[in-house]
Amino acid sequence: MLDVKFIRENTELVRQGLLNKNSKDAVDEILAADDERKTIILKNDELKAKRNQVSSQIPQMKKAGQDTSVVFAEMKRVGDEIAMLDGQLRGVEEKLENILRYTPNLAHSSVPVGRSAEQNVEVRQWLPEGFSFKSDFKVLDHIELGKKHSILDFERGTKISGSGFPLYMGKGATLERALINYMLDIHLHEHNYLEIFPPILVNRESMKGTGQIPKMEDDMYFIEKDDLFPVPTAEVPITNIHRDEILAEKDLPIRYVGYSPCFRREAGSYGKDSKGFLRVHQFNKVEMVKFVKPEGSYDELEAMVKDAEDILQALKIPYRILMLCTGDLSFSAAKCYDIETWSPAENKWLEASSCSNFENFQARRANIRFRKEDKKIEYVHTLNGSGLATSRLMVSLLENYQTPEGKIIVPKALQKYTGFELIG
RNA sequence: GGAAAGGUGGCAGAGUGGUUGAAUGCGGCGGUCUCGAAAACCGUUGUUUGCGCAAGCUUACCGGGGGUUCGAAUCCCCCCCUUUCCGCCA
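Attention in this report is confined to the structure presented alongside it. What you see is a predicted model, and the numbers here were worked out from it, not measured in a lab. (Residues numbered from 1 in each chain as written. Chains lettered and ligands numbered in written order. Predicted model: local features only at pLDDT ≥ 70, side-chain atom pairs only at ≥ 80, totals over all residues. Heavy atoms only, no water.)

### Examining the overall build of chain A
Put simply, the test is: The helix and strand labels rest on DSSP assignments: H or I over at least four residues marks a helix, E over at least two residues marks a strand, and numbering proceeds from the N terminus. Each residue is placed in one exposure class: buried if its accessible area under a 1.4 Å probe, protein chains only, is under 20% of its type's maximum, exposed if it is over 50%, and partly exposed if it falls in between. The contact rule is simple, with two residues in contact once any of their heavy atoms fall within 4.5 Å. Values of accessible area rely on a 1.4 Å probe in the Shrake-Rupley scheme; residue burial ignores everything except the protein chains shown. In this tally, Asp and Glu contribute negative charge and Lys and Arg positive charge; neither His nor the terminal groups of the chain are included. To locate a charge, take NZ of a lysine, CZ of an arginine, CG of an aspartate or CD of a glutamate.
Each helix and strand counted, chain A has 13 helices and 15 strands in total. Counting only C-alpha atoms, chain A reaches 100 × 45 × 45 Å along its principal axes. Per-residue burial over chain A gives 51% buried out of 424 residues. Across chain A, the fraction of contacts at a sequence separation of at least 24, relative to all contacts at a separation of at least 6, is 73%. Total accessible area on chain A stands at roughly 20700 Å², and carbon and sulfur atoms take up 50% of it. Of the charged side chains in chain A, 59 are positive and 65 negative, and the gap between their average positions amounts to 2 Å.

Following this line, the structure appears as structure tokens:
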């Protein structure tokens, strides 16, 4: 959520920022609602102050045996007016809140301006030694590989749950588990995160806190009976750990990492990249979340990307880093890097991670603050990034590690986690 | 699923419808004492709205939402949550 005060003091900047994010310019609407709100508050607070003042004198009047009926009648009128203003105020605040909830965060000044994904900027590429985009043999895609070795069974997954619910079997299941454990261990022991194992069903407040609601509500699974949402990412429960809290400056930065399954309805994207793992309703992800002081947040973002890259380099999987342009940035993000891994069979890059700095946009929504040395209270900056999502990673892993005979070598780094070196 | 109890400040725990933001204790912070520390003692200690350069003034907040009243932490209604016991269960 943007700060109205900031909007008021930087109207042109905000206008341009919203345009850059392909959002409508709601500045005038916001300021008008805010003006209206302030006018009502001014008048209302005056009346309330009067009522409080008179009320405090009534006990003395009664003690002195004075007649209170005139005062009571007067205060009754004041009370009615307050009730009316309270009603108006609620209306305006609701209106303002509604506009703000649908107003996206502004991009950081270092983000390239652009309308869509085509204007994203490739920052760097990392390829393992001896890697070539052209293979000497006919590569199988991850679905064929999965079938050949009976490690992935999309048909039976569909039978059990529906399309987009992958079933891992045998060494496939072990490999998936190994990946998750490996990534967690690296982040814990080498990158200094604290491990979190969060609840997977969260309430409405939590979904609002991180901003999945209201804008993305259609994309979320929802358990109506209990008013709970299966999480679309561990970002939701982990960020909400500190919802409505005031953190101590000395505790920052806080760095959490946690694994969770992720559930997404992917409403409206049927038929697009839908085969196998490319777009699924349930997948596994290790997520990094940081709560930091504003001044260090962009350094923390770079560090977070590096933390995700470390995993890919250790696994020797080719990847590239994209800086998203303003038009492709998500609703809450001020800056975001996508990490894409190479799929030889698809002959394209697949998004396996997304690391974002939300600045204080999410913290405002979730009300996460910290107390500075001088006792002043300020919003923290929140960041999160996948470190990483296993589904797309698994595609790249299986395809890049296949041999000409169609067997799959387990990456060296994972072998002590799997207990085997070869599939097939 | 059945029964009961309860939700008050960082925590524990008072609170007769009227100077109650709220006793008291613990914790935190500052100080006295001490070579230093502990103990003891003294002081201090929430968030929030609006106005203001600021000091400050002001509004709201005792799980949430309504209601009664001149006035609600306190009375009434609805909802939510937590704890305990029983049942079921990985």
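### Digging into the sheet that holds strand S5 (residues 245-248)
This is how the line gets drawn: At least two DSSP bridges between two strands are required for those strands to pair. In this analysis, axes come from line fits to C-alpha atoms, helices being fitted only over the stretch in contact, and the angle between any two N-to-C directions falls in the range 0 to 180 degrees.
Pairing in this open sheet of three strands is mixed, and the strands run S5-S11-S12 from one edge to the other. Since the sheet does not close on itself, it has two edges, and those belong to S5 and strand S12 (377-379), each with one partner. When the angles between neighbouring strand axes are averaged without regard to direction, this sheet yields 40 degrees. Pairing of S5 with strand S11 (residues 368-371) involves four bridges; the strand directions are parallel. Note on S11: the bridge partner recorded for Glu245 is Ile368.

### Comments concerning the pairing of strand S7 (residues 282-292)
Of all eleven residues making up S7, ten are buried, and the element is well covered by its neighbours. Pairing between strand S6 (residues 254-263) and S7: ten bridges, direction antiparallel. Bridge pairing in S7 places Ile254 opposite Phe291. Here S7 runs beside strand S13 (residues 381-389); their pairing, made up of seven bridges, is antiparallel. The residue bridging Lys285 from the neighbouring strand is Ala389, located in S13.

### Overview of the nonpolar core
To be explicit about the condition: Residues belong to one nonpolar core when they are buried, are Ala, Val, Leu, Ile, Met, Phe, Trp, Tyr or Cys, and are joined through side-chain atoms within 4.5 Å.
Core analysis: the largest hydrophobic core is formed by 56 residues, its most contacted members being Leu175, Phe277, Leu315, Leu398 and Leu414. Not counting chain neighbours up to four residues away, the residues in contact with Leu414 comprise Leu175, Ala178, Leu179, Tyr182, Leu315 and Leu397. With 17 residues, the next largest nonpolar core counts Ile7, Leu31, Ala33 and Phe331 among its residues.

### Details of helix H4 (residues 69-101)
Here is the rule: The span one expects for a helix is its residue count, reduced by one, times 1.5 Å.
For H4, with 33 residues, the first-to-last C-alpha span of 47 Å sits near the 48 Å given by 1.5 Å per residue. On the buried face of H4, the contacting elements are helix H1 (4-9), helix H3 (27-63), helix H8 (204-210) and helix H11 (361-366).

### Focus: the packing of H3 against H4
As a reminder, the rule being used: In this scheme, roughly parallel covers angles under 35 degrees and roughly antiparallel covers those over 145, while 65 to 115 is roughly perpendicular and the rest are oblique. By convention the crossing between two helices is left-handed if the near helix lies anticlockwise of the far one by an angle smaller than a right angle, and right-handed if it lies clockwise. The residue classification treats Ala, Val, Leu, Ile, Met, Phe, Trp, Tyr, Cys and Pro as nonpolar and Asp, Glu, Lys and Arg as charged. All others, Gly included, are polar.
For the pair H3 and H4, the least separation of the axes is 8 Å and the interaxial angle reads 155 degrees. The orientation of H3 with respect to H4, classified from their angle, is roughly antiparallel. Considering only the axes of H3 and H4, their crossing is left-handed. Of the residues that constitute the contact of H3 with H4, the class distribution is 19 nonpolar, three polar and 13 charged.

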